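# Structure assessment
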Amino acid sequence: MSSTVSSPEELFEIDKKKFLEMRPALLRTPKYVDKYVAVVDGEVADSDKDKVTLAKRIYSRRGYIPMYIGKVSKEERHWELPSPEKP
């Protein structure tokens, strides 16, 4: 049985869960350690040392879409950036 995910909140929660699942592997990948990682559609879309720069880059490439941005570090700290509403 397949269900359709439609709300931005549901998509955000799916990406957040995926980040948490991927976190141990990301910590073993030097290019992601101590960087913010954007997860879109359950996959790593990009990374950067600055979360705002990362979010702007994703938005410029893909439009204002739901995404989860988390920092890959031994310290468990997560940031949530809601997608701005389209005009």
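Residues numbered from 1 in each chain as written. Predicted model: local features only at pLDDT ≥ 70, side-chain atom pairs only at ≥ 80, totals over all residues. Heavy atoms only, no water.

## What to know about the pairing of strand β3 (residues 68–72)
Counting buried positions along β3 gives four out of five residues, so the element sits mostly inside the fold. As paired strands, strand β1 (residues 35–40) and β3 are joined by five bridges and run antiparallel to one another. Paired with Val39 across the strands is Tyr68, a residue of β3. (Buried < 20%, exposed > 50% of the residue type's maximum accessible area, 1.4 Å probe, protein only. Helix = DSSP H or I, 4+ residues; strand = E, 2+ residues; numbered from the N terminus. Pairing = 2+ DSSP bridges.)

## Structural notes on helix α2 (residues 51–62)
Helix length check: α2 (twelve residues) gives 16 Å between terminal C-alpha atoms against 16 Å at 1.5 Å per residue, within 8%. When we look at burial in α2, the residues that qualify are Lys51, Leu54, Ala55, Ile58 and Tyr59. Seen along its axis, α2 keeps its buried residues to an arc of 130 degrees; they face one direction. Within α2, the exposed residues directed more than 90 degrees away from the buried face are Lys56, Ser60 and Arg61. (Expected span 1.5 Å × (residues − 1). Arc of directions from axis to C-beta.)

## Side note on the packing of aromatic side chains
The geometry of an aromatic ring pair is captured by the separation of the ring centres together with the interplanar angle, meaning the angle of the planes. A complete count under the given rule lists three aromatic pairs for this structure. On the basis of an interplanar angle of 55 degrees and a centroid distance of 4.9 Å, the ring pair of Tyr59 and Tyr64 is categorised as tilted. (Phe/Tyr/Trp six-rings, centres within 6.5 Å; stacked < 30°, edge-to-face > 60°.)

## Remarks on helix α1 (residues 8–27)
Compared with the 28 Å implied by 1.5 Å per residue over 20 residues, the 27 Å span of α1 between its first and last C-alpha is a close match. If you look at α1, its biggest bend is around 40 degrees, right at Glu21, and the proline Pro24 turns up within four residues after that. (Bend = angle between axes of the 7 residues up to and from the residue.)

Remember, this is a structural readout, not a statement about activity or role.
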